[in-house]
Structure formats: C-alpha cells, structure tokens
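# Secondary and tertiary structure notes
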Amino acid sequence: MKIGLYFGTFNPIHIGHLVIANYMVEFSDLDKVWFVITPHSPFKKKSSLLDDHHRYEMVYRATEAYEKLEPSNIEFNLPQPNYTVNTLTHLYEKYPNHEFSLIMGEDNLKSFHKWKNYQVILEHHDIYVYPRISKGSIETRFEDHTKIHHINAPIMELSSTFIRSSIQEGKNIKPMLPENVWEYIDEMNFYR
C-alpha cells in the first residue's frame, strides 16, 4: 500500500488541509494519506500549540468521514525534537509492507536541502509537491528529480495561524473548518 504522509501541527486542521490531502489521494497513485501530527517542530515555538491529544482529536474528527484519510500519532512517542528522517525509519520498521511518500508544499521544497539527511529521504521515498504561493526558488537539483512529483492541486491560501488569530478576534471562520472540528474548538473554548 502506498501511503502519503502529510506532516503538520494541524493547530487546527482546516478545509485547506483536507482539500490538499483528498486531492493527493484521488489524483495521484497514493492509496491513503496519513495526517502525521507533529508534537513539536524544531522550527516552531511550542507556546501556541494545543496539546497533542486535542490536535489528534481534531484531525480524527476531520477525517472520520473519508476512508482514504487517517490521523497518525506516530511521532508522539518518538524522542523530541524529532526529524522526518527518523519518523520514516520508524514507520518502515513498523509497517514493512507499506511504501511511504512525503507530501509537502512547494515552499517546503525550497528549503528541503536544509532538512536533516534530506539525501537519505530522497533516496528511499517519493515526494509529492503541491503548489503554494511563496518567495524564493526551487534548487535546480530538485526541479527534474525522478522522486519528486509535482501535483497540480488547488492553491489553498488558508493557514492555521490565520484561523487562530481570527477566532481570537471573534470572527466567524466556521466555513473554513470541518463542522465537527469547529464544534470541538467552540466547545473547548480554544484559541480565544
């Protein structure tokens, strides 16, 4: 089975994430997409992050109606800070019959050469890239790489940061979230 790994803090997960993941699973050769909820990114401050289990719950709620999309808490028990290359090794050991690929935005591909052991990742895993509006350019070595597949998914200019600050300002952002995710955020009084 070919699994696309969509990494993120998903703080919170929103319709943009779902549109990208669903597009990947329906319009590429991926069988499933796992939303890998990262407990703590080395590039982000932890203070604004909801607890891991709350973010997992939101991803679970957002994906439960889609059989090809699943939440994954695989990184919750790995040593922190964790790197993608370590997660991939762990997944390969745990699920030797699955083939794992990465899903990333074009903006991440532009800084991919800074990732820990990125050569090892490219050697063993395909990367599915969706378009993002961002500055900078993709390094020449990644432009026509056989392991990097550009998928013409819709451009989603919606961010979790925007959603969090809009909730804090009392704006109605309900249409930007799956309904059961909005209900959970509202019920738990998050981001206010």
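Placed above this text is the structure.
It should be emphasised that the depicted structure is a prediction, and the values quoted were computed from it without experimental measurement.

### Notes on the environment of Lys-110
Mapped onto the secondary structure, Lys-110 falls in helix H4 (residues 106-110). Expressed as a C-alpha distance, the spacing of Lys-110 and Ile-138, which sit 28 residues apart in the sequence, is 4.7 Å. Excluding residues that lie within four positions of it along the chain, Lys-110 makes contacts with Ser-134, Lys-135, Gly-136, Ser-137 and Ile-138. There is a polar contact of 3.3 Å between the side chain of Lys-110 and the backbone oxygen of Lys-135.

### Concerning the sheet that holds strand S2 (residues 32-37)
Across the sheet, six strands lie side by side as S3-S2-S1-S4-S5-S6; this open sheet has parallel pairing. On the outer flanks of this sheet lie strand S3 (69-72) and strand S6 (148-150), each paired with one strand and no other. Across the sheet, the axes of successive neighbouring strands diverge by a mean angle of 30°, strand direction being ignored. The strands touched by helix H1 (residues 15-26) are strand S1 (2-8), S2, S3, strand S4 (99-105) and strand S5 (127-130); relative to S2, the strand with the most contacts, the crossing angle is about 145°. The strands that helix H2 (residues 52-63) touches are S2 and S3; relative to S3, the one it contacts most, it runs at about 170°.

### Brief notes about unusual backbone geometry
With an omega of 5°, the peptide bond between Asn-11 and Pro-12 qualifies as cis. Positionally, Pro-12 belongs in the loop between S1 and H1. In this chain, Gln-80 is followed by Pro-81 through a cis amide linkage whose omega measures -10°. When you line up the elements, Pro-81 lands in the loop between S3 and helix H3 (84-94). The phi dihedral of Phe-10 is positive, around 45°, even though this residue is not glycine. Tracing the chain through its elements places Phe-10 in the loop between S1 and H1. Residue Phe-10 is classed as buried on the basis of its relative accessible area, which comes to 2%. Even without a glycine there, the phi angle at Asn-117 is positive, about 55°. Residue position: Asn-117 is located in the loop between H4 and helix H5 (118-124). Judged by its relative accessible area of 37%, Asn-117 is partly exposed.

Conventions we followed
Residues numbered from 1 in each chain as written. Predicted model: local features only at pLDDT ≥ 70, side-chain atom pairs only at ≥ 80, totals over all residues. Heavy atoms only, no water. Helix = DSSP H or I, 4+ residues; strand = E, 2+ residues; numbered from the N terminus. Contact = heavy atoms within 4.5 Å. Polar contact = N/O pair within 3.5 Å; in protein donor to acceptor, adjacent residues only side chain to side chain. Pairing = 2+ DSSP bridges. Axes fitted to C-alpha atoms, helices over the stretch in contact; angles between N-to-C directions. Buried < 20%, exposed > 50% of the residue type's maximum accessible area, 1.4 Å probe, protein only.

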